[in-house]
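# Structure assessment
The residues making up each chain are set out below.
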Amino acid sequence: MQEVLQELNPQQRQAVLHTEGPLMIIAGAGSGKTKVLTTRIAYLLSKGVNPFNILALTFTNKAAKEMKERIQKILQNRNAVNLFIGTFHSVFARILRYEAQHIGYPSNFSVYDTDDTKGLLKSIINQLNLDEKKYKVSSVLHRISDAKNNLISPKDYLENPKIQQEDVFRKQGSLGKVYEKYCEECFRNGAMDFDDLLLNMYRLLTQIPESLHKYQHKFKYILIDEYQDTNYLQYQITKLLAAAHENICVVGDDAQSIYSFRGAVIANILKFDKDYDNVKKIILEQNYRSQQNILGAANAIIKHNKSQIPKNLWTNIPAQEKIKYLQNTNDSDEAKKIVEIIKEQSLRHHYEFNQFAILYRTNAQSRTFEESLRRQNVPYKIYGGMSFYQRKEVKDVLAYLRIIVNPQDNEQLKRIINVPARGIGKTTIEKCLIISAEKNISFYEVLVNSQHYDFRQSTATSLQNFCTLIQYLRTLTAKHNAYELADTVCKQSGLFKELKEDRTVEGIARYDNVQELLNSIKEWTELPDDESGELIDKSLGAYLQQITLLTDADNESEVEQKSVKLMTVHAAKGLEFSCVFVVGLEEGLFPNSQILQSAEDLEEERRLFYVAITRAKAKLWLANALSRYKFGQITYNESSRFIDEIPQEFVEKLIVKSHFFNESFSKPVDYDFEQNKTGFSKNVMSENPIEISPSTHTKVVGLDSKGVYHQHLGNYKIEQKINHPKFGLGTIINLEGDAHNPIAHIKFNKFPTEIKRIFLQYAKLEIIP
DNA sequence: CTTTACCCACTTTTT
DNA sequence: GTGGGTAAAG
């Protein structure tokens with residue numbers, strides 16, 4: 001242990017040794033955050049702390065897995081079982097299964113992923129006879145999720161006049177009813193969605209005093225990774241858990257907060273020292289990852305953001321090559337050029353392919369790169385997008401398995417009752433649901449007793465056969481492990497038969513996917529029992545418990561390990577590569593225009609860019625394209641403002657000549673790094689509070705600095721009432737910016753105390769006459 | 001009830 | 001360029 005401590009710098013060591021009392025570690029990019037966390041846990045254990053008393057929470061399975069492995073390494077043979085290291089969701093799921101009876105759930109409750117959730121919401125929207133066009137599932141889900149994460153129950157929701165008014169305005173007046181019904185249905189199905197795992201943990205702690213006491217005393221030491229990404233609910237839970245011992249250590253970096261879109265509250269970390277007395281605050285500022293030019297650029301960029309904890313990241317690594325900025329004619333050139341560079345670099349500097357990463361803002365951008373990589377025979381692996389477990393055929397098999405374990409789960413039942421087609425159609429399912437509601441019994445019970453209800457003879461037989469199948473599979477659970485059951489499901493249900501008959505390319509791929517699923521289940525059942533001799537449950541139930549919260553297949557094949565990695569910037573957080581390409585740096589794409597509706601959103605995009613470039617150790621390329629296909633149509637984009645924000649000393653610009661078009665087609669723009677061409681960022685960053693002058697209310701907007709009137713802004717004027725897709729109703733109080741970047745100061749009914757600055761060119765405002 | 005054909009909306013990020 | 005959902009035909 002001593003040697004391990006010697007490897008740390010003074011701040012890191014301090015963070016490890018300060019074990020008692022609240023501790024807040026601001027860990028800059030590449031400052032050895034994981035090292036500190038893992039060493040800290042190892043240190044606690046070496047001091048004789050019982051692993052049973054330690055809780056470490058992360059946001060991703062990958063982070064949890066890495067921490068476990070690194071602790072194991074430090075401890076060598078010492079015993080590290082019983083440590084609670086995992087994601088918020090998986091740790092709480094584990095606790096909730098154990099405590100299920102306290103909150104009225106079965107301990108084998110299902111966990112709904114986003115697809116399951118959306119399916120249920122959709123059927124509820126239909127049941128309530130609401131217009132699917134107005135109640136778009138994704139927006140409904142988002143709003144419900146927001147409510148849950150802010151501890152607003154369906155009752156609170158329905159009784160809150162402000163929320164109701166807002167919903168009516170959004171033409172989703174019945175959203176509260178949808179929310180209420182959704183919660184009821186989930187409960188009836190014995191299912192929890194991702195938010196419920198947090199919410200029910202909160203309920204357990206607040207409603208069952210014994211449980212609160214139990215877990216407060218169990219978890220004497222609490223560590224939370226990526227604390228800047230916690231939402232209100234997670235914040236409340238950790239506060240409850242830590243209340244008894246206050247040995248809570250949070251690690252995070254406000255500059256890397258990129259999840260506010262799903263409710264993360266940066267203030268949780270910014271105000272941590274207000275939550276506890278005697279908070280020890282440590283800032284890790286030495287960066288061990290990137291060379292000077294990259295770190296210099298990163299520091300310069302993040303300075304454009306207003307609110308952040310001041311820090312000065314530095315590195316001992318001497319400056320190497322400058323950052324290269326590649327401006328391409330179009331998106332396929334961008335991809336082609338980058339793949340050429342990868343090949344050249346790997347030859348000349350002996351980089352392995354796995355030392356390259358291509359990072360983009362949106363998943364859709366991966367396709368062009370995929371084509372180019374394939375054409376040039378470079379091995380690659382794309383992360384994200386449609387994950388293995390989201391595929392139809394895989395979900396179908398899993399749905400069978402989940403029904404076997406939890407027959408209450410109507411969503412899974414509806415999913416597979418007619419897969420493969422067995423003559424049970426829409427009308428029959430509706431009829432079953434009606435009976436189920438009338439007799440107040442579950443869908444599954446209707447099937448079991450189908451002979452008592454008048455179904456057509458052929459339908460009745462189909463239902464009987466399906467029922468017999470499920471009953472038979474259920475009898476197998478006691479004696480057979482997860483793999484044997486899954487295999488039987490595929491054979492007996494006819495899924496295999498159906499897939500085998502489909503000889504199309506996609507059909508074969510689907511069959512292979514199911515085979516792969518079976519293999520992975522088999523591998524799982526054959527995992528050795530823990531070294532401690534703890535017998536691991538190989539039942540189907542145990543398998544399903546861990547599978548739902550698993551996002552991507554963690555075990556990479558050897559080929560994949562040697563491949564160029566492609567992923568979104570979000571997915572790259574926490575990773576590092578020798579050579580990084582950040583691509584698609586265009587206005588509208590990165591920063592992305594769909595979310596650029598306020599200055600705060602721009603800051604988040606900038607943090608995202610900061611995360612992107614700090615992934616690079618030695619070499620960094622920034623790339624964009626003057627034109628790009630979107631929906632099969634060519635769009636023309638200006639280069640990203642973020643490129644202009646990097647001081648010239650760190651960058652070298654290269655204009656890539658098109659391979660396909662002549663010069664006149666490409667219009668290279670000369671960039672002057674010193675000067676901000678748009679004059680835009682300066683405005684945005686202004687820290688002066690906005691003054692409202694009542695005398696200006698008749699001013700018509702659209703006047704630029706020279707007093708020229710601009711037609712397209714004619715609709716926006718002071719006191720104009722508007723509706724914003726995200727913030728709702730509001731009134732324009734003032735206008736600024738020039739014709740190219742008009743900004744409105746808007747007071748929203750939802751936020752009576754603040755004035756938001758909205759970029760008119762991005763915001764989709766509706767004018768209220 | 002099933003299959004096929006067309007149409008449409010979609011592209012921000014994820015546990 | 002995709003995949004999912006709906007409508008009409010079988």
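Each remark here, short or long, concerns the structure printed above.
Cut-offs used in this document
Residues numbered from 1 in each chain as written. Chains lettered and ligands numbered in written order. Predicted model: local features only at pLDDT ≥ 70, side-chain atom pairs only at ≥ 80, totals over all residues. Heavy atoms only, no water. Buried < 20%, exposed > 50% of the residue type's maximum accessible area, 1.4 Å probe, protein only. Helix = DSSP H or I, 4+ residues; strand = E, 2+ residues; numbered from the N terminus. Contact = heavy atoms within 4.5 Å. Polar contact = N/O pair within 3.5 Å; in protein donor to acceptor, adjacent residues only side chain to side chain. Near = heavy atom within 4 Å. Nonpolar A, V, L, I, M, F, W, Y, C, P; charged D, E, K, R; others polar. Salt bridge = Lys/Arg side-chain N within 4 Å of Asp/Glu carboxyl O. Axes fitted to C-alpha atoms, helices over the stretch in contact; angles between N-to-C directions. Parallel < 35°, antiparallel > 145°, perpendicular 65-115°, else oblique. Left-handed = near helix turned anticlockwise from the far one by under 90°. Pairing = 2+ DSSP bridges. Core = buried A, V, L, I, M, F, W, Y, C linked by side-chain atoms within 4.5 Å.

## Regarding helix α16 (residues 292-302)
Most of α16 sits inside the fold, with ten of its eleven residues counted as buried. Every buried residue of α16 is accounted for by Asn293, Ile294, Leu295, Gly296, Ala297, Ala298, Asn299, Ala300, Ile301 and Ile302. Considering only its buried residues, α16 is in contact with β9 (286-287), β10 (314-315), β11 (323-330), α30 (599-613) and β16 (616-630). Its side-chain oxygen at 3.0 Å from the backbone nitrogen of asparagine 293, glutamine 291 defines the N-terminal cap of α16.

## Description of the side chain of glutamate 334
Take glutamate 334: it is sitting in helix α17 (residues 331-348). Classification of glutamate 334 by relative accessible area gives buried; the value is 0%. Glutamate 334 has contacts with Asn328, Phe369, Val583, Gly584, Ala623, Asn624, Ala625 and Arg628, leaving out every residue within four places of it along the chain.

## Comments concerning the protein's contact with DNA strand C
Near DNA strand C the following residues occur: Lys122, Glu132, Arg367, Lys392 and Phe631. Per the 4 Å cut-off to the protein, sugar and phosphate atoms form 88% of the nearby atoms of DNA strand C. Within the surface near DNA strand C, the residues separate by chemical class into one nonpolar, no polar and four charged.

## Some words on the pattern of salt bridges
Oppositely charged side chains may form a pair once their charged atoms are brought near each other. In the structure shown here, the tally under the stated rule is 34 salt bridges. With its nearest N and O atoms 2.7 Å apart, the salt bridge here joins glutamate 99 to lysine 214. Separated by 115 residues along the polypeptide, glutamate 99 in helix α5 (residues 88-99) and lysine 214 in helix α12 (residues 209-218) bring together distant segments of the chain. Look at glutamate 99 and you get buried, because its relative accessible area is 3%. The residue lysine 181 makes a salt bridge to glutamate 185 at a minimum N-O spacing of 3.7 Å. Of this pair, lysine 181 and glutamate 185 both sit in helix α10 (residues 175-188), four residues apart, which is roughly one turn of the helix. Accessibility expressed as a relative area gives 22% for lysine 181, which makes it partly exposed. On the basis of relative accessibility, which here comes to 13%, the residue glutamate 185 falls in the buried class.

## Focus: the packing of helix α3 (residues 33-46) against helix α4 (residues 61-75)
Relative placement of two packed helices is described by the angle separating their axes and the distance separating the axes. The geometry of α3 relative to α4 is characterised by a closest axis approach of 9 Å and an angle of 50° between their N-to-C directions. The orientation of α3 relative to α4 falls into the category oblique. The crossing of α3 and α4 is right-handed. Residue-level inspection shows Thr34, Lys35, Leu37, Thr38, Thr39, Ile41, Ala42 and Leu45 of α3 in contact with α4, the latter providing Glu66, Met67, Arg70, Ile71, Ile74 and Leu75. Looking at the contact of α3 with α4 residue by residue, the class counts come to eight nonpolar, three polar and three charged.

## Overview of the sheet that holds strand β2 (residues 54-58)
Pairing is parallel across the open sheet formed by six strands, whose spatial order is β3-β2-β6-β7-β1-β8. Looking at which strands have only one partner, the edges of the open sheet turn out to be β3 (84-87) and β8 (280-284). Strand-to-strand, the axes of this sheet are offset by a mean angle of 15°, without reference to chain direction. Bridge analysis of β2 against strand β6 (residues 221-224) gives four bridges, and the strand direction is parallel. Bridging from a neighbouring strand, isoleucine 54 pairs with tyrosine 221 of β6. Along the sheet, helix α13 (residues 232-242) makes contact with β2, β6 and β7 (248-252), crossing β6 at roughly 160°.

## Digging into the nonpolar core
Buried together is how nonpolar side chains tend to be arranged in soluble globular proteins. Leu401, Leu447, Phe466, Leu517 and Tyr543 are the most contacted members of the largest nonpolar core, which has 51 residues in total. Top contributing element to this core by residue count: helix α19 (residues 392-405), with nine residues. With near-sequence residues (within four places) excluded, tyrosine 543 lies in contact with Leu398, Ala482, Leu517, Ser520, Ile521 and Trp524. Listed in part, the 47 residues of the second largest apolar core include Ile26, Leu55, Phe109 and Ile224.

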